[in-house]
Amino acid sequence: MSSPTIEIPARSGNITVVPPLPDSERKGLTKKEMAADHPTWCPGCGDFSVLALYFKLIEKRKLWHEKITTIAGIGCSSRFPYFVQAHGVHFIHGRALPFASGVSLSRPDLHVFVFGGDGDAFSIGGNHFNHTARKNIKMSYVVMDNWVYGLTKKQTSPTSPQGFKSKTDTWGAMDQPINPMKQAISAGATFVARTTSTNPNHVLQMMEAAMDHDGFSFIECLSECVEFYPGAFDSSNPRKGGVFNLVPDSHDVTDEIAAYKLAGEPFPGSFGIFYKVNRPTKNANEAKINTAAVEKVKGLKDWQILQKNFDRMK
Ligand SMILES: Cc1ncc(C[n+]2csc(CCOP(=O)(O)OP(=O)(O)O)c2C)c(N)n1
Ligand code: SF4
Ligand SMILES: [Mg+2]
């Protein structure tokens, strides 16, 4: 049977539009169809692995171009949107989350993925991180934590450990670093997980769980900057003599205090989902208000709605 066609009048003759296949009949995208450009990261950078797993997620879960958006701020890790052949924005340093919030609230049908670095997330964007978490806006946020500003060539970041020598702390960082997991839990994130780019299966598992969560899902993904902080995460990598410990099976992911305790373990700590609870999203709360507002003016023409508003102002 031939595909149904729609005749659309055009300036010169008619054009034939073939309607898209139903979702059930569409093939998933291949990596080739998703890759937009060659990543420009340094050879060996942990971010390569995270990007490869994002492609894998898109492939495995049959996410088509028009169903996802990839948003980032500025930094090496924030270059993701360049490399993914889908809608996305490489936005302003530290402002990926407000931009993504707008996308998420106006397009609830999209999977909104945000990628960035520790500086982008917790330094210039720290404020936005807290508010997006407490508002529980539906999106998945993967922070590739390398404990340094990579793109700008080695400044201290909010996660750099004390004593780390950088261009901004030539005698060694003196300030206590932030703990991303504690920060996310206390800010009100409803999904908080930790992984490392050296364990691909685990990264994919965490990304899938984050994507399936109805709310703000946050993943801290250790991702080594081989250029400016080589060896930072060796003690979490069994191939380098370290240990990779999963969150114990006995851990209750709805127990905030238990999650906080896990977050306080000394490095390398545990990997997996620390915290996961259900709380109404801002998306759902706003949708309710919108529906109620539309209901109130049902059947009225635009000018009548305007007239009503003006009358009320008199
Ligand atoms: C408003 C603004 N301030 C500062 C910068 C300079 N800048 C670009 S990236 C960056 C930090 C990047 O570090 P991080 O977010 O950890 O990403 P990484 O490169 O380590 O992946 C800074 C300070 C900028 N681009 N815009
Ligand atoms: S500078 Fe560091 S974070 Fe940036 S691409 Fe190179 S290794 Fe990766
Ligand atoms: Mg960084």
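The structure we're discussing is the one just above.
Along each chain, residues carry numbers from 1 onward, in the same order as the chain's sequence is written. Each chain gets a letter, beginning with A, and each ligand a number, beginning with 1, in the order they are written. Given that the model is predicted, a residue must reach a pLDDT of at least 70 before its local features are reported, and side-chain atom pairs must reach 80 or more before they are shown or counted; all residues, however, enter totals for whole chains, interfaces and linings. To get the side-chain values, all heavy atoms of the structure are used, and hydrogens and water are removed first.

## Regarding the coordination of the magnesium ion (ligand 3)
At step 1: For Na, K and Ca the donor cutoff is 3.2 Å, while for all other metals N, O and S atoms must lie within 2.8 Å; water is not among the atoms, so some sites may look incomplete. Note on the magnesium ion (ligand 3): its protein donors are Asp-118 (OD), Asn-146 (OD1) and Val-148 (O). The metal-donor distances range over 2.1 to 2.2 Å.
At step 2: Of note, the donors binding the magnesium ion (ligand 3) are all from one chain and are spaced D-x27-N-x1-V. Of this pair, Asp-118 sits in helix H5 (residues 118–122) while Val-148 is found in the loop between strand E6 (139–145) and helix H7 (180–187), placing the two residues 30 residues apart along the sequence. Of the two residues examined, Asp-118 and Val-148, each falls in the buried class. Helix numbers and strand numbers start at the N terminus; a helix is a DSSP run of H or I with at least 4 residues, a strand a run of E with at least 2. The cut-offs for exposure are 20% and 50% of the maximum accessible area for each residue type, with area from a 1.4 Å probe on protein chains only; residues under the lower value are buried, those over the upper are exposed, and the others partly exposed.

## Comments concerning a nonpolar patch on the surface
At step 1: Taken together, the side chains of Leu-306, Phe-310 and Met-313 define a hydrophobic patch exposed on the protein surface, amounting to about 350 Å² of accessible area.
At step 2: Turning to its location among the elements, Met-313 is positioned in helix H11 (residues 302–313). Each patch is built from salt-bridge-free residues with over 30% relative accessible area, joining like charges within 9 Å and nonpolar side chains (Val, Leu, Ile, Met, Phe, Trp, Tyr) within 5 Å. Shrake-Rupley sampling with a 1.4 Å probe provides the accessible areas, and residues are treated as covered by the protein chains on show and by no other component. Salt bridges are identified by distance alone: a Lys or Arg side-chain nitrogen within 4 Å of an Asp or Glu carboxyl oxygen.

## Thoughts on the pattern of salt bridges
Two side chains carrying opposite charge are able to pair once their charged atoms lie near each other.
At step 1: Scanning all chains against the criterion turns up 11 salt bridges.
At step 2: The residue Glu-286 makes a salt bridge to Lys-282 at a minimum N-O spacing of 3.8 Å. On the criterion of helical spacing, the pair formed by Glu-286 and Lys-282 is a turn pair, its members being 4 residues apart in helix H10 (residues 282–296).
At step 3: Since its relative accessible area comes to 30%, Glu-286 is described here as partly exposed.
At step 4: Here Asp-311 and Lys-314 are joined by a salt bridge, their closest N and O atoms 3.2 Å apart.
At step 5: Salt bridges linked by common partners bring Lys-60, Arg-61, Glu-208 and Asp-212 together as one network.

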